[in-house]
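# Architecture at a glance
Here's the letter readout for the chains.
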Amino acid sequence: MTAWLNKVADSDVWWSFKSSWLTVAAAVATLLIILISFLSPVLAPHTPFDPATLSLSDGLKPPVLLSPDGEWAFPLGTDDQGRDVLSSIMYGTRLSLIVGFASVLVAMVLGIALGLVSGYVGGTTDAVIMRIADVQLTFPAILVALLIDGIVRGLTSVKQHDEIAVFVIVGAIGLSFWVQYARTVRGSVLVEKNKEYVQAARVIGLSPVLIMVRHVLPNVTGPVLVIATLNLGLAIISEATLSFLGVGLPSTQPSLGTLIRIGNELLQSGEWWITVFPGITLASLVLAVNLLGAGLAVPLVRWLRRRWPAWSVAAAGALADAALLGLMWLPIGFGPTLAVRALEGV
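Residues numbered from 1 in each chain as written. Predicted model: local features only at pLDDT ≥ 70, side-chain atom pairs only at ≥ 80, totals over all residues. Heavy atoms only, no water.

### A word on the pattern of salt bridges
A side chain with one charge may pair with a side chain of the opposite charge, provided their charged atoms come close. To be explicit about the condition: Salt bridge, as used here, is a side-chain nitrogen of Lys or Arg placed within 4 Å of a carboxyl oxygen of Asp or Glu. Here a helix means four or more residues in a row that DSSP labels H or I, a strand means two or more in a row labelled E, and each is numbered from the N terminus. Accessibility here uses a 1.4 Å probe with only protein chains present; expressed as a share of the type maximum, an area under 20% marks a residue as buried, one over 50% as exposed, and anything in between as partly exposed.
Taken as a whole and judged by the stated rule, the model has seven salt bridges. One salt bridge in this structure joins Asp134 and Arg183, with 3.5 Å as the shortest N-O distance. Here Arg183 lies in helix 9 (residues 165-192) and Asp134 lies in helix 6 (residues 123-137), a separation of 49 residues in the sequence. With its nearest N and O atoms 2.7 Å apart, the salt bridge here joins Asp149 to Arg153. With Asp149 and Arg153 both in helix 7 (residues 141-155) and four residues apart, the pair spans about one turn of that helix. Note on Asp149: relative accessible area 3%, which makes it buried. Look at Arg153 and you get partly exposed, because its relative accessible area is 33%.

### A short note on the packing of helix 3 (residues 21-38) against helix 5 (residues 85-121)
As a reminder, the rule being used: Here the axes come from fitting lines to C-alpha atoms, over the contacting stretch only for helices, and the angles between their N-to-C directions go from 0 to 180 degrees. Roughly parallel here means an angle under 35 degrees, roughly antiparallel means over 145, roughly perpendicular means 65 to 115, and every remaining angle is called oblique. With the far helix as reference, a near helix turned anticlockwise by less than a right angle produces a left-handed crossing, and one turned clockwise produces a right-handed crossing. Throughout, a residue-residue contact means that at least one pair of heavy atoms, one from each residue, lies within 4.5 Å.
One way to put it is that helix 3 packs onto helix 5 with a least axis distance of 8 Å and a crossing angle of 115°. Comparing their axes, helix 5 and helix 3 come out roughly perpendicular. Here helix 3 runs over helix 5; the crossing is left-handed. Across the interface between the two elements, Ile33, Ile34, Ile36, Ser37 and Phe38 of helix 3 pack against Met90, Thr93, Arg94, Leu97, Ile98 and Phe101 of helix 5.

### Focus: unusual backbone geometry
Here the phi dihedral of Leu60 falls at roughly 60°; this positive angle occurs in a residue that is not glycine. As for its placement among the helices and strands, Leu60 is situated in the loop between helix 4 (40-43) and helix 5. With a relative accessible area of 33%, Leu60 lands in the partly exposed category.

### As for the nonpolar core
This is how the line gets drawn: Within this scheme, the nonpolar core is defined by two criteria: the residues are buried Ala, Val, Leu, Ile, Met, Phe, Trp, Tyr or Cys, and they are joined through side-chain atoms within 4.5 Å.
Leu116 and Tyr181 are the most contacted members of the largest nonpolar core, which totals 52 residues. At eleven residues, the largest contribution of residues to this core is made by helix 5. Discounting residues that sit within four places of it in the chain, Leu116 has contacts with Val121, Val185, Val189, Met212, Val216, Leu217 and Val220.

### Points about empty space enclosed by the protein
As a reminder, the rule being used: Using only the protein atoms, space was sampled on a 1 Å grid; points where a 1.4 Å probe fits but cannot get out form cavities, open sets with protein on both sides within 12 Å along at least five of seven lines form pockets, and lining residues are those with an atom within 4 Å of a point. Grid points are joined across faces, edges and corners, and a volume is the space filled by probe spheres set on the points. Following the grouping adopted for this structure description, the nonpolar residues are Ala, Val, Leu, Ile, Met, Phe, Trp, Tyr, Cys and Pro, the charged ones are Asp, Glu, Lys and Arg, and the polar ones are all others, Gly among them.
Evaluation of the coordinates by the stated rule reveals two cavities of 30 Å³ or more. Reported here for the largest cavity is a volume of approximately 70 Å³. Forming the boundary of the largest cavity are Asp79, Arg83, Asp84, Val85, Ser88, Leu259, Ile262, Ile274 and Pro278. Those elements giving two or more residues to the lining of the largest cavity turn out to be helix 5, helix 13 (256-264) and helix 14 (273-307). Its residues assigned to classes, the lining of the largest cavity comprises five nonpolar, one polar and three charged.

### Here we look at helix 12 (residues 221-244)
To be explicit about the condition: Multiplying one less than the number of residues by 1.5 Å gives the expected span of a helix. The angle between axes fitted to the seven-residue stretch ending at a residue and the seven-residue stretch beginning at it gives the bend at that residue.
The end-to-end C-alpha distance of helix 12, which contains 24 residues, comes to 34 Å, matching closely the 34 Å that a straight helix rising 1.5 Å per residue would cover. Residue Asn231 marks the point of greatest curvature in helix 12, where the axis turns by about 35°. Burial of helix 12 is extensive: 17 of the 24 residues sit out of reach of the surface. Remark: Gly246 follows helix 12 within two positions and exhibits a positive phi of approximately 90°.

### Let's talk about the environment of Ile280
Turning to its location among the elements, Ile280 is positioned in helix 14. Assessed through its relative accessible area of 47%, Ile280 is described here as partly exposed. Distance from Ile280 to Leu256, taken between C-alpha atoms, is 9.9 Å for residues 24 residues apart in sequence.

### Quick look at helix 7
Quick reminder of the rule: Taken from the helix axis, the directions to the C-beta atoms give the arc we talk about.
Its 15 residues place the ends of helix 7 22 Å apart at the C-alpha level, agreeing with the 21 Å of an ideal helix rising 1.5 Å per residue. For helix 7, the full list of buried residues reads Val144, Ala145, Ile148 and Asp149. In a view along the axis of helix 7, the buried residues occupy a sector of 130°, so they form one face of it. Along helix 7, exposed side chains directed more than 90 degrees from the buried face belong to Leu147 and Gly154. Elements that come into contact with the buried residues of helix 7 comprise helix 6, helix 8 (158-163), helix 9 and helix 12.

### Describing the side chain of Glu239
Mapping Glu239 onto the fold places it in helix 12. Discounting residues that sit within four places of it in the chain, Glu239 has contacts with Ser96, Val99, Ile169, Ile173, Leu249 and Ser255.

### Topic: a nonpolar patch on the surface
Formally: Residues with no salt bridge and a relative accessible area higher than 30% make up the patches, which join like charges within 9 Å and nonpolar side chains (Val, Leu, Ile, Met, Phe, Trp, Tyr) within 5 Å. Here, Shrake-Rupley sampling with a 1.4 Å probe gives the accessible areas, and only protein chains in the shown set may cover a residue.
On the surface, Leu31, Leu32, Leu35, Ile36, Leu39, Val42 and Leu43 cluster together to form a nonpolar patch covering roughly 660 Å² of accessible area. Mapped onto the nonpolar patch, the elements with two or more residues apiece are helix 3 and helix 4. It is helix 3 that contributes the most residues to the nonpolar patch, four residues altogether. Residue class for Leu39 comes out partly exposed when judged on its relative accessible area of 42%.

As structure tokens, this is what we get:
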């Protein structure tokens, strides 16, 4: 364990991380938000979604520091149901993070599987999967998620949908993000499948599935990590957008997007704090995650380039895909040759 920690401390990735104050600040902010949200059952002053603890007489109290009518028991005020806004934000952030992480995991699993099959099998299978990916890229991710959620709503009752809302939203967002992973993994597999260790595995009679899972997969996961660090913030924003539109999580399981939607209904009557504070929390969370992902992406790709040169092209291609899709700016530092090779694979 000590040797591994020393190896990490001596790596360029760690050096690049600690030398950038912006990345360090983003990491601290992200970690702090995650800790507070997942410890909300312990840290939150109230349990905002337990009807037994609510009182309508506490409804619409303003923030304590901005109005003499506020109470210290509700530092950020309350909503129309008497729920503490601070406690609601803590619980809602936890749910937003769970949906974000789960959505990225679903997209990774689906994208890696399809990318492996597409790159290794090739031929008609490759053409079909990539054409489906190209078609999906013509639609914004939020529209794909809306379509999937609409199909599920049409097949289930309102009560059934509310019970499985978290799983539906995770699946909808995950299915709208798999293309980047599949394209990146496919590019890496096209390089790896012609190498000697794969040829040797074929000679000794290993099945294609075993070769893909045991031998090829470990060597193509590097670029996927780059995309995952950039997709988390986008997944959180997508969930908040769907919830704000009323097709995401129900009011009984409110995320940050649901809290913003609830507060938006009262915004015109002057109760601004119900939507502003969750909005600030959402913006801070996504900004911290994106800055952390962007700060780690460049040193990670440089490390991959030195250790596994074939990965650098795929990882740079992943960053190029992300930049073209508006997820981040394309970092400079790969050199013109690598940049051209990355864009040629897009």
